[in-house]
There are 2 protein chains.
Amino acid sequence: MKARKNLIVGQSGGPTAVINASLSGVLTEAAQNKNIDHVFGMVNGIEGFLKDQVIDLELAVPKKDRWNLAITPAAYLGSCRFKLPADLNDPIYAALFEKFEQLDIGYFLYIGGNDSMDTVDKLSKYNDKINGGLVFVGVPKTIDNDLTETDHTPGYGSAAKFVATTVREITMDAEVYDKPSITIVEIMGRNSGFLTASSILARRFENDNPRMIYLPETDFDCDIFVERVKKEVEEHQNLVVCVSEGIHDASGKLICEYDSEVGLDAFGHKMLAGCGKYLERLVHGKLGIKARSVELNVVQRCHGSLLSGTDVEEAFECGVKGVKAATFGLTGTMITMNRADNKKGTYEIKYLPKPVGEISNGVKPVPSEWISENGSDLKKEFLDYVSPLIEGEITIPSIKGMPKYLSRK
Amino acid sequence: MKARKNLIVGQSGGPTAVINASLSGVLTEAAQNKNIDHVFGMVNGIEGFLKDQVIDLELAVPKKDRWNLAITPAAYLGSCRFKLPADLNDPIYAALFEKFEQLDIGYFLYIGGNDSMDTVDKLSKYNDKINGGLVFVGVPKTIDNDLTETDHTPGYGSAAKFVATTVREITMDAEVYDKPSITIVEIMGRNSGFLTASSILARRFENDNPRMIYLPETDFDCDIFVERVKKEVEEHQNLVVCVSEGIHDASGKLICEYDSEVGLDAFGHKMLAGCGKYLERLVHGKLGIKARSVELNVVQRCHGSLLSGTDVEEAFECGVKGVKAATFGLTGTMITMNRADNKKGTYEIKYLPKPVGEISNGVKPVPSEWISENGSDLKKEFLDYVSPLIEGEITIPSIKGMPKYLSRK
């Protein structure tokens, strides 16, 4: 490898509120790193790169715009969902490496979740196989917080802050009427309940709403649920319940699939309206009380108005550390965040590159010892874990009342 | 009436992000007004008042908390949906006025929408009938912005700002993938399209998303819609469409009712999942493209993170002016906001009390001359109207990453 090579960076998977903070960290460090010549960005990840969708990132985002980039939600470079073949003899690898050579790429940074780390892993393995001399490094990102080997992931803190704040506001809204009611909030997370669990931060005092929280890490029983709802509404009038989209019964069947027993829609498809909607109908049907459901939907991952300062800072730092790991030659790694076991109770993170292969195949659930015995609440251990992740406020610059975000267009 | 009487204030109808700003305005002015002795609050509106749910508002919210009250969403005093009987001979009126006398009430302020103004109107008429000597004044509130005789209503600006910002963020999220897609955003408004119309503020440049906006003020045609979606997706790849929950066909049938043709749910009820969900299925079924829908739901009325500074200020001022109108003896009025016809293009509001009887029975639609001929867009006149209403940012104080709101509990 000649002394100074170029760096290329891409974003992949579902967007988050801070994936661009990591991009800004990569760009900021790479543009000033003496081992790196120039910084390119791939548009729409590896899929766009295959179609030569590459931009000059230093030109596109000059210094003055790099903070604005950091607080812009969604993926500035665009994203993709693209899995590289398992067979390293597939011609796609040779094609990719030819393109790397054309651009004189020495460092490849990829910001994403499990599937993106799989891409980093495979490219790094192919590189080893052909002695390519390139370096492939992953930068973590996911609101699900389900990557292994890292205390948490960038994107989770801001999504958790949005969920907790919004659940508190929904609770305040639900409590204005002096009439029995249940509000069910459906939160993202098919297999991992970290985001739904964060709704516990909305609780202001003992017995405050949300009084019931259900994660996909435990089995859900509709009969027990209805009984509990009856009791809670009798005792406390207004009940707010938070559920992960992926809650399921003991047989593994998703609660949102229960709806499909009803029939097909006009186009012959299963009528799935989400588990929140199903439970709303269930409670209203069985107990006759006022029931409504709110699906937080994509807003929980793309909002910019409730960023966690901690999350933005850590996401940026993961980008910076990714570039440093790359110039150290640590190929096949992902930057992980490790919480210092701090006796003083202060919060401190150490960044370490770890082998990406192990991470790309694993999924981290909410530890069962953090979930209450009846499966409808979180213990203090979870609160201690999540609380520091939502701290710190970010002010978004605005023009005429609208947020000022950075855009490629 | 003796020189100094007490004032009582209540909140009614659906909560908004700034209904407490009006309450704060009432309290702040009333506490210092030399014509007023003491300020009481009715908990859960007139319904709670009938059950003697009254608090000492000056004690409950001391001076130091009045700004925090102003930026707290949902109704601090709680709310109700309670319609007084049309017959003024109904004994409920005598019962209410006896309670007024017990508390030495001279001024009654009620913050709410149409139904609440109906309460103000009836109480004022009964008062005239018995020569009660009390003063009844309404303070407007509704995210729907459908009250007549006022340029706009407190609550609309903040809801519009949330809608516009969130639609922009959803658009950014929708555009990260290089694949054809449609995202349908369902926005509150059964009869009035003002809130849905505000999504036009999310448009950054000509032909930007949201490219189609449908209000209940026009008829919706599913076939024309699907044809248009097909064309837009072919030309622009990612399409974002905003629809009011109350869109209907030429026969007046709600689009969300179309779903009911499919069948009943497990509890024998119509399976209504909203018009957004229906249109998502329609587009996916007919065109086979990736389709998703997002229902903004109650979050659009109870969020605190995207308050319009203009809205907070005006809501507060409507409260202040309500107290002043009351001490002037202007019973049976509601405070209206009137936009000065300002040649310089600056925005200026004059507050005037107007007879509440006319207001309580009317509903203001989006003027047809502000809606484009094909019914799927808004004209510049609407943009000029709505733009000033979302201006100004408010910073919510926070503790450990969560908003610091004022609560009765």
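A. Molecular detail of the packing of helix α9 (residues 222-236) of chain A against helix α10 (residues 275-287) of chain A. Residue and element names in this part refer to chain A. Between α9 and α10, the least distance of the axes is 11 Å, while the angle of their chain directions is 65°. Every pair of crossing elements has a handedness; the one defined by α9 and α10 is right-handed. Listed contacts from α10 to Cys222, Phe225, Val226, Val229 and Lys230 of α9 are Tyr278, Leu279, Leu282, Val283, Lys286 and Leu287. By residue class, the composition of the contact of α9 with α10 is nine nonpolar, no polar and two charged.

B. Structural view of the interface of chain B and chain A. Taken together, the contact pairs 73 residues of chain B with 73 residues of chain A. The tally of links from chain B across to chain A stands at six salt bridges. At the boundary of chain B with chain A, the tally comes to 24 residue pairs in polar contact (both at pLDDT 80 or more). Those elements that place two or more of their residues in the side of chain B that touches chain A are α7 (156-174), α10 (275-287), β9 (290-295), α11 (299-302) and β13 (402-403) of chain B. Among the elements that take part in the side of chain B that touches chain A, α7 of chain B stands out by supplying nine residues, more than any other. Taken together, the residues that form the side of chain B that touches chain A break down as 31 nonpolar, 20 polar and 22 charged.

C. Spotlight on the nonpolar core. Phe382 of chain A together with Phe382 of chain B are the most contacted members of the largest nonpolar core, which has 78 residues in total. Phe382 of chain A has contacts with Tyr156, Phe194, Ala197, Ser198, Ile200 and Trp370 of chain A, leaving out every residue within four places of it along the chain.

D. A look at the packing of helix α5 (residues 91-102) of chain B against helix α6 (residues 114-130) of chain B. Residue and element names in this part refer to chain B. For the pair α5 and α6, the least separation of the axes is 11 Å and the interaxial angle reads 85°. Considered as vectors, α5 and α6 are oriented roughly perpendicular to each other. Contacts from Tyr93, Ala94, Leu96 and Phe97 in α5 reach Lys122, Leu123, Tyr126, Asn127 and Ile130 in α6. Looking at the contact of α5 with α6, its residues break down into seven nonpolar, one polar and one charged.

E. Quick look at the environment of Asn338 of chain B. Residue and element names in this part refer to chain B. Summarising the element assignment, Asn338 is placed in strand β10 (residues 333-339). Look at Asn338 and you get buried, because its relative accessible area is 17%. Considered as a pair, Asn338 and Leu352 are 14 residues apart in the sequence and their alpha carbons are 7.3 Å apart. With residues near it in sequence (within four places) discarded, Asn338 still touches Glu149, Asp151, Glu348, Ile349, Lys350, Tyr351, Leu352 and Lys354. A polar atom in the side chain of Asn338 sits 3.0 Å from the side chain of Thr336.

F. The environment of Met117 of chain A, seen in detail. When you line up the elements, Met117 of chain A lands in helix α6 (residues 114-130). Aside from chain neighbours lying at most four places away, what touches Met117 of chain A is Tyr110, Gly112, Gly138, Val139, Pro140, Met334, Val356 and Ser360 of chain A.

G. Here's a closer look at the sheet that holds strand β6 (residues 181-187) of chain B. Residue and element names in this part refer to chain B. One open sheet accounts for four strands, arranged β7-β8-β6-β9; its pairing is parallel. The open sheet is flanked by β7 (212-214) and β9, the only strands paired with a single partner. Taking each pair of neighbouring strands and ignoring which way they run, the sheet shows an average axis angle of 15°. Judged from the three bridges that link them, β7 and strand β8 (residues 238-244) form a sheet pairing that is parallel. The residue bridging Met212 from the neighbouring strand is Val241, located in β8. Against the sheet, α7 engages β6, β8 and β9, with an angle of about 165° to β6. Against the sheet, helix α9 (residues 222-236) contacts β6, β7 and β8, and its axis sits at roughly 155° relative to β7.

H. Focus on the sheet that holds strand β5 (residues 135-140) of chain A. Residue and element names in this part refer to chain A. What the seven strands build is an open sheet, ordered β3-β2-β1-β4-β5-β10-β11; its pairing is mixed. Bordering the open sheet on either side are β3 (54-56) and β11 (349-355), each of which pairs with just one other strand. Ignoring strand direction, the axes of neighbouring strands in this sheet form an average angle of 30°. Across two bridges, β5 lies against strand β10 (residues 333-339) in parallel orientation. Looking at β10, one finds that Val137 is bridged to Thr333. Across the sheet, helix α12 (residues 309-327) lies against β1 (5-11), β2 (36-42), β4 (105-112), β5, β10 and β11, angled at about 165° from β5, the strand it touches most.

I. Structural context of the relation of the copies chain B and chain A. Between chain B and chain A, the superposition needs a rotation of 180° and an axial shift of 0.0 Å, giving an RMSD of 0.0 Å. Here the transformation between the copies is reduced to the relation of a two-fold axis. Of the C-alpha atoms belonging to chain B, the one lying closest to the rotation axis is found on Ser305 of chain B, 3.2 Å away. A high fraction, 100%, of the interface residues of chain B reappear at the interface in chain A, so the copies pair face to face through one surface.

J. Just the packing of aromatic side chains, in detail. In total, this model carries 36 aromatic pairs over all chains according to the counting rule given. Pairwise contacts between aromatic rings join Phe49, Tyr93, Phe97, Phe100, Phe108, Tyr110, Tyr126 and Phe136 of chain A into one cluster.

K. Representation of α5 of chain B in the model. Residues and elements named next belong to chain B. For α5, with twelve residues, the first-to-last C-alpha span of 17 Å sits near the 16 Å given by 1.5 Å per residue. Listing the buried residues of α5 in full gives Ile92, Tyr93, Leu96, Phe97, Lys99 and Phe100. Seen end-on, α5 carries its buried residues on one side only, within an arc spanning 155°. Exposed side of α5, more than 90 degrees from the buried face: Pro91, Glu101 and Gln102 are the residues found there. Buried positions along α5 lie against α2 (45-50), β4 (105-112), α6 and β5 (135-140). Here α5 starts with a cap whose side-chain oxygen sits 2.9 Å from the backbone nitrogen of Ile92, and that cap is Asp90. Two residues or fewer after α5 comes Asp104, characterised by a positive phi angle close to 55°.

Cut-off values and rules
- Residues numbered from 1 in each chain as written.
- Chains lettered and ligands numbered in written order.
- Predicted model: local features only at pLDDT ≥ 70, side-chain atom pairs only at ≥ 80, totals over all residues.
- Heavy atoms only, no water.
- Axes fitted to C-alpha atoms, helices over the stretch in contact; angles between N-to-C directions.
- Helix = DSSP H or I, 4+ residues; strand = E, 2+ residues; numbered from the N terminus.
- Left-handed = near helix turned anticlockwise from the far one by under 90°.
- Contact = heavy atoms within 4.5 Å.
- Nonpolar A, V, L, I, M, F, W, Y, C, P; charged D, E, K, R; others polar.
- Salt bridge = Lys/Arg side-chain N within 4 Å of Asp/Glu carboxyl O.
- Polar contact = N/O pair within 3.5 Å; in protein donor to acceptor, adjacent residues only side chain to side chain.
- Core = buried A, V, L, I, M, F, W, Y, C linked by side-chain atoms within 4.5 Å.
- Buried < 20%, exposed > 50% of the residue type's maximum accessible area, 1.4 Å probe, protein only.
- Parallel < 35°, antiparallel > 145°, perpendicular 65-115°, else oblique.
- Pairing = 2+ DSSP bridges.
- Least-squares fit on C-alpha atoms with pLDDT ≥ 70 in both.
- Phe/Tyr/Trp six-rings, centres within 6.5 Å; stacked < 30°, edge-to-face > 60°.
- Expected span 1.5 Å × (residues − 1).
- Arc of directions from axis to C-beta.

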